[in-house]
Amino acid sequence: MEAKNLEFEVVIGLEVHAQLNTETKLFCRCRTSFGEQANMNVCPVCLGYPGALPVLNEKALVKAALLGLALQGKVNEQSLFERKNYFYPDSPKAYQISQLQYPIVSAGVLPIHLRNKNGEDLYSKEIQIERVQLEEDAGKLMHSERSEVKQSYVDLNRCSTPLLEIVSKPDMRSAAEAVEYFKSLRRLLIYLDISDGNMQDGSMRCDVNVSLRARGQKALGTRTETKNMNTFKGIEEAIQYEIVRQRALLLSGEKVIQETMLFNSNTGKTKPMRSKEEAQDYRYFPDPDLFTVFFSKENLQSLKEAMPELPDAKFHRYKQEFLLSSYDAALMSSSKNLAGYFEHASAEALALFKEAKPAKESSAAGESSAAGESSPAGESSPAGKLQGPLLAKRVCNLISTELLSLLTEVRLEQALFPVPAEAIGSMAAMLEQGLISSKMAKEIFKALSETDKTVEEIVLERGLKLICDEAALEAIVDKVLADHAKVAADFKSGKAKAMGYLIGQAMKASKGQAEPKLLSKIIQDKLKS
Amino acid sequence: MTKETGLRPENTVSELHRLSLFAIVKLLKKKELTVKELLECYLQRLEEDERQPRESRINAVVYKNKEEALKQAANAPADSLLGGAPIIIKENLHLLGYPVRCASKILSNYKATYSSTAMLRLLKNGASIFATANMDEFAMGSANENSMHGFVCNPLAKDYIPGGSSGGPAAAVAGYFTSASIGSDTGGSIRQPAACCGVIGLKPTYGRVSRYGLVAFASSFDQIGPIARRVEDIALLLEAMAGHDEADSTSAKLPVPSYSKALETPIKNLHIALPKEYLGDTVHPQIRRAFMQAVDFYEKQGAKISEVSLPNTDYALSIYYILSTAEASSNLARFDGIRYGNPSKKAENLSDLFFRSRSEGFGDEVKRRIFTGSYVLSAGYYDDYYMKALKARRVVYDKYMAILKDADLLMMPTLPYRVFKRGKDHEDPTEMYRSDVFNVAANVVGLPSMSLPCAKDSLGLPISFQFMGRPFDEALMLRAAYLYQQEHGLPVFENAK
Ligand SMILES: [Zn+2]
């Protein structure tokens, strides 16, 4: 997949722009909502009327600081907004309020984990973050679709909505790393409720800087910057194309020109933008309408205390606490909503299991859980602690085999789950208690997703419950043995195979509801007696 | 010297225009005067002026709105501070529905679609705003000669400048077209024209009055302030406008004292410092003499007078011109010919459109400052100019604050020169810039400053002095000025040449 770069090392840095999900804009009180009629979410401030003045939305600042903390970065007590001056119709003030010399966050790190297609760990590395800055977005230009109409229109709804620009150091060495970095960052932003991470709507996009240098060389090569990428595939393809293109240039003794590129997703190629912008001098200077921004140590401390558990921490905890595999742990922690769902269901399963346990003490531990079988243990014994992992694993299996196939990305982002987490928990507990079979679980899940009924209702209604009552099973077995006396005799005379047949018949007689372990134990006991 | 009394002149309606704001408020409240008759008096005077030939037309006012003013007065809350009293505002202040042309061609069609905080506060406190005043284009100038509306004459002597950039507001007050007006001061733009026209002007501490709705020239220097003929009028208007505004991040979260009530509070142990750099050879002898007489007055009133040194005075001017033009170049960039002004018909593409529309829309002085500002911010020059000026600003501020630790007020002439004749500044704009030296310091350091007339020169033109005070202590300046007005009296200029 990667271009072969034996003689060159690929150096990649990303500038990610993420729209903050604050309710109001960065410097005025207009709403940030999407999809309104053009130029409706506007006021004198974001329209850039003369005399109107910006007032910082503190909530945006807090979100930026939160990201800084999550990136283990340096959240600066003092930061400064500056004006980036340029003329363009989408910028009504003719400058953008941004941060340059003193961003809210300087320095940070984002660990990324490269895995193969099966989810097995390949390697991990840390990508250094150079800065996180807060800035306002520009408006949108719309050009007439009819070529004879030489008119453009400006929609300023988006103007002055808050953006975070997250600039990495050139620490990535392959397209895969870059994509993984982008994904990890996106996950983090969603986890922290900083951004909706919606890439189609452009709330998250990135500029990709790519350069090549001879292996072993310290100095960076000349880079190109591919602008406005908002798909994982696009990022991957654009980088691959730039690598091939730059490599060909360098091999033929030509030079890479430092320029801004645009990626065409139809051709899979990058093309230089008109280089006019390159020479532009933005004449940055501190915005005199906004004083230095102070973010106190106390504020930072309270943010720290309120910091939610981050995806990486969850991943490790799932592995340690629930003994999930890397694959499962990564899957369950891949989204904040899914992780919440998983944790909720697991907790529910454990609670139900414990509740039911005293009555069930004597019954079989379960269908086929290896750990459970070797230690059918009480809660207080060390082995009892394994009950959590066992239930979590069942929850995880139910999620990955049943739930995820019904869940689109969008529904996941909106936490629109087809089946409540409690129900998954309840099913996991029943599985673990041997009350239902996997096949029954499938059926229950389907019924849950199609109706509003609870697990109990479905179980009752459809009789989806394993028969664990020994007397009832003995009655079934007695009848089967009587009906198939010859086969029973065969077994007794040494035909081990006959046992399977008898179990099958007994299961059939129970309409598949016999608890399989108990059933085979009864048959064995009866035949051996 | 005569005093304007608080009473309605006995004789005729024709004397109504002489009433001070304070007197007007009193009479309105006692129902001895109506806003309508007062407005008609002012408007009649304005119409008279409009009939004058250009050379003798004062041309202070560029827009009138009697109906709206009457409505505002009718809506004035009962027991409001100003009781419906009519005033005039500079043409760079937003009041819903009023043109905000800033005397610039590029804003010739621009009307306010929102109101500035200061104007809303004035209305809430019972002011009625019946006219807007001429000014230098985008408040850049010291003679009110850079205006799409044409020059303004000094009402005291029509071939002299009224000062700038609030030449219109100052001339309107001096010409008795209103009792008071609102101007803006970026580098002396209230105090210098007040001094030229023989009236009083106050620039509040930076952050005292909200800038929301004032078309920005240089955001870290601009302040809105009052111009009037009487100290108590200045106090009333400042009280009506001042205070924290959530819409202006640079406005101070501090309580506003009742300036008008504090005026008569005696000042004990007043310590006035005289910076010797402001009394050097550049100061005209007549001005120096008049100034020292004013100093003597305070000494006789028991004030301690001391001489201090402010060796950074010269830097203040450089700091001012570097930082204010830098900010202006960015503040004025939004006027691109698309949203404001007329898009040039000759334009071939987008950047050509910006270029041509701006070239056609801005006057020379504004262009000069945009060039200067863009230059000091450009790559390679930023550190040498902008950054250095920013650092120097801090140094100068510290120096002033050190002196104001001991001294309560700084006192200096408002202008080192006598009032200029019109048409003089066209030859060398830097000469005009240099004359700002006495005024820009207050804006560079953000301190409050107030100018009041104290004498006439040999031509009968005004000589003024100014105070600078501690941050947010406008009250003390007002009390000191009030003392002068009451015990010494202010010169009256109706017989000026
Ligand atoms: Zn807005």
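Scroll up to find the structure this text is about.
Computed from a predicted structure; not experimentally measured.

Calculation rules
Throughout this description, residue numbers start from 1 for each chain and increase along the sequence as written. Going through the entries in the order they are written, you letter the chains from A and number the ligands from 1. The model is predicted, so local features are restricted to residues of pLDDT at least 70 and side-chain atom pairs to those at 80 or more, both for listing and for counting; the totals for chains, interfaces and linings are taken over all residues. To obtain the side-chain values, all non-hydrogen atoms of the structure were included, while hydrogens and water were left out. The helix and strand labels rest on DSSP assignments: H or I over at least four residues marks a helix, E over at least two residues marks a strand, and numbering proceeds from the N terminus. As defined in this context, the radius of gyration uses C-alpha atoms, and a globule is described by 2.2 Å times the residue total to the power 0.38. Throughout, a residue-residue contact means that at least one pair of heavy atoms, one from each residue, lies within 4.5 Å. Per-residue accessibility takes into account occlusion by the displayed protein chains alone, with areas from the Shrake-Rupley method and a 1.4 Å probe. Coordinating donors are taken to be N, O and S atoms lying within 2.8 Å of the metal, or within 3.2 Å when the metal is Na, K or Ca; because water is excluded from the atom set, some sites may appear incomplete. A four-donor site is classed as tetrahedral when every donor-metal-donor angle falls between 85 and 135 degrees; four donors are called square planar, and six octahedral, when trans pairs exceed 155 degrees and all remaining angles lie between 65 and 115, with any other arrangement labelled irregular. A simple rule labels every residue: compare its accessible area, found with a 1.4 Å probe on the protein chains alone, to the largest value its type can have, and call it buried under 20%, exposed over 50%, or partly exposed in between. Only strands that DSSP links by at least two bridges are regarded as paired with each other. What counts as an axis is a line fitted to C-alpha atoms, over the stretch in contact for a helix, and the angles between N-to-C directions run from 0 to 180 degrees. By salt bridge we mean one thing: a side-chain nitrogen of Lys or Arg within 4 Å of a carboxyl oxygen of Asp or Glu. The directions considered for the arc run from the helix axis to the C-beta atoms. Here a polar contact is recorded for every N or O atom pair within 3.5 Å, except that within protein the pair must consist of a potential hydrogen donor and a potential acceptor, and residues adjacent in sequence are included only if both atoms are side-chain atoms. As used here, buried area is the combined drop in accessible area, with a 1.4 Å probe, of two parts when they are placed together. Classes in brief: Ala, Val, Leu, Ile, Met, Phe, Trp, Tyr, Cys and Pro nonpolar; Asp, Glu, Lys and Arg charged; the others, Gly included, polar.

Enquirer: Honestly, the overall build of chain B in this entry has me stumped. Any pointers?
Expert: Along chain B, the regular secondary structure elements total 16 helices and 11 strands. For 497 residues, the compact-globule formula gives about 23 Å, and the C-alpha radius of gyration of chain B, at 21 Å, lands near that figure. Long-range contacts, defined as pairs at least 24 residues apart, comprise 75% of the intrachain contacts of chain B with a sequence gap of at least 6. Element-wise, carbon and sulfur atoms account for 51% of the exposed surface of chain B, whose accessible area totals about 18,100 Å².

Enquirer: Even after reading the chapter, I still don't get the coordination of the zinc ion, so can you show me in this structure?
Expert: In an ideal tetrahedron of four donors about a metal, each angle is 109.5 degrees. In an ideal octahedron of six donors, the angles are 90 or 180 degrees. Residue and element names in this part refer to chain A. The zinc ion binds to the protein through Cys28 (SG), Cys30 (SG), Cys43 (SG) and Cys46 (SG), with metal-donor distances spanning 2.3 to 2.4 Å. If you look at the zinc ion, its 4 donor atoms make angles of 99 to 115 degrees with each other, and the shape they trace is tetrahedral. As a motif over one chain, the donors of the zinc ion read C-x1-C-x12-C-x2-C. Residue cysteine 30 is found in the loop between strand 1 (8-19) and helix 1 (58-70), and its partner cysteine 46 is found in the loop between strand 1 and helix 1; the two are separated by 16 residues along the sequence. Across the pair, exposure class does not vary: cysteine 30 and cysteine 46 are buried alike.

Enquirer: Would you take a moment to explain the sheet that holds strand 12 (residues 224-229) of chain A for this structure?
Expert: For sheets, the rule is that strands pair by backbone hydrogen bonds, running either parallel or antiparallel. Residue and element names in this part refer to chain A. Ordered by their spatial adjacency, 9 strands build an open sheet running 2-6-7-10-1-11-12-13-14, and the pairing between neighbours is mixed. The two strands at the open ends of the sheet, each matched to only one other strand, are strand 2 (74-75) and strand 14 (269-272). Inspection of the sheet shows strand 1 paired to strand 11 (residues 204-214) by 11 bridges, in the antiparallel sense. The residue bridging phenylalanine 8 from the neighbouring strand is alanine 214, located in strand 11. Against the sheet, helix 3 (residues 232-251) makes contact with strand 1, strand 11, strand 12, strand 13 (260-264) and strand 14, and its axis sits at roughly 25 degrees relative to strand 11, the strand it touches most.

Enquirer: Which parts of the structure should I look at to understand the pairing of strand 4 (residues 82-85) of chain A?
Expert: Residue and element names in this part refer to chain A. Burial along strand 4 is two-sided: Glu82 and Lys84 and Arg83 and Asn85, pointing in opposite directions, are all buried. One ladder, built from 4 bridges, connects strand 4 with strand 5 (residues 95-98); its direction is antiparallel. Residue pairing for strand 5: arginine 83 is matched across the bridge by isoleucine 97. One ladder, built from 2 bridges, connects strand 4 with strand 15 (residues 285-286); its direction is antiparallel.

Enquirer: For this particular structure, what's the right way to read the pattern of salt bridges?
Expert: Two side chains that carry opposite charge are able to pair once their charged atoms sit near each other. Tallied over the full model, the rule gives 49 salt bridges over all chains. In this structure, aspartate 287 of chain A engages arginine 83 of chain A in a salt bridge whose closest nitrogen and oxygen atoms are separated by 3.2 Å. Of the two residues, aspartate 287 of chain A is situated in the loop between strand 15 and strand 16 (293-294) and arginine 83 of chain A in strand 4; the sequence distance between them amounts to 204 residues. For arginine 83 of chain A, a relative accessible area of 0% corresponds to the buried category. A salt bridge links lysine 71 of chain B to glutamate 68 of chain B; the nearest nitrogen and oxygen atoms lie 3.6 Å apart. Placement of the pair is lysine 71 of chain B and glutamate 68 of chain B together in helix 3 (residues 66-74), with a separation of 3 residues, close to one helical turn. Look at lysine 71 of chain B and you get partly exposed, because its relative accessible area is 49%. Judged by its relative accessible area of 26%, glutamate 68 of chain B falls in the partly exposed class. Each of Arg83, Asp287 and Asp289 of chain A together with Arg211 and Asp248 of chain B takes part in salt bridges that share partners, so that together they form one network.

Enquirer: I'm lost on helix 3 of chain B in this one. Help?
Expert: Side chains three or four residues apart in an α-helix point the same way, a direct result of the helix having 3.6 residues per turn. Residues and elements named next belong to chain B. For helix 3, the complete set of buried residues consists of Ala69, Gln72 and Ala73. Buried residues of helix 3 fall within an arc of 100 degrees about the axis and therefore sit on the same side. Opposite the buried face of helix 3, by more than 90 degrees, sit the exposed residues Glu67 and Ala74. Buried residues belonging to helix 3 abut helix 2 (35-50), helix 4 (117-124) and strand 3 (128-133). Capping the start of helix 3, asparagine 65 holds a side-chain oxygen 3.0 Å from the backbone nitrogen of glutamate 68, two or three residues further along.

Enquirer: Just checking my understanding: could you explain the interface of chain A and chain B for this structure?
Expert: Accessible area lost when the parts come together is the quantity often used to give the size of an interface. Facing the 31 residues of chain A at the interface are 39 residues of chain B. Taking both sides of the interface into account, the surface hidden between chain A and chain B amounts to around 2,800 Å²; carbon and sulfur atoms contribute 57%. Inspection of the chain A/chain B interface yields 1 salt bridge. For aspartate 289 of chain A, the salt bridge identified is with arginine 211 of chain B, shortest N-O distance 3.1 Å. Counting across the interface, chain A meets chain B through 15 residue pairs in polar contact (both at pLDDT 80 or more). The set of elements that each furnish at least two residues to the side of chain A that touches chain B consists of strand 4 and strand 15 of chain A. Of the residues belonging to the side of chain A that touches chain B, the class tally is 20 nonpolar, 5 polar and 6 charged.

Enquirer: I keep staring at unusual backbone geometry and nothing clicks. Help me out?
Expert: Excluding glycine, most residues fall at negative phi; most peptide bonds, likewise, are trans. Looking along the chain, the bond that leaves glycine 164 of chain B and enters serine 165 of chain B is cis, with omega of 0 degrees. Among the secondary structure elements, serine 165 of chain B is positioned in the loop between strand 3 and helix 5 (167-174). A positive phi angle is found at alanine 107 of chain A, which is not glycine, with a value near 70 degrees. Relative to the assigned elements, alanine 107 of chain A resides in strand 6 (residues 105-115). A positive phi angle is found at cysteine 102 of chain B, which is not glycine, with a value near 50 degrees. One can find cysteine 102 of chain B in the loop between strand 2 (86-90) and helix 4. Judged by its relative accessible area of 1%, cysteine 102 of chain B is buried.

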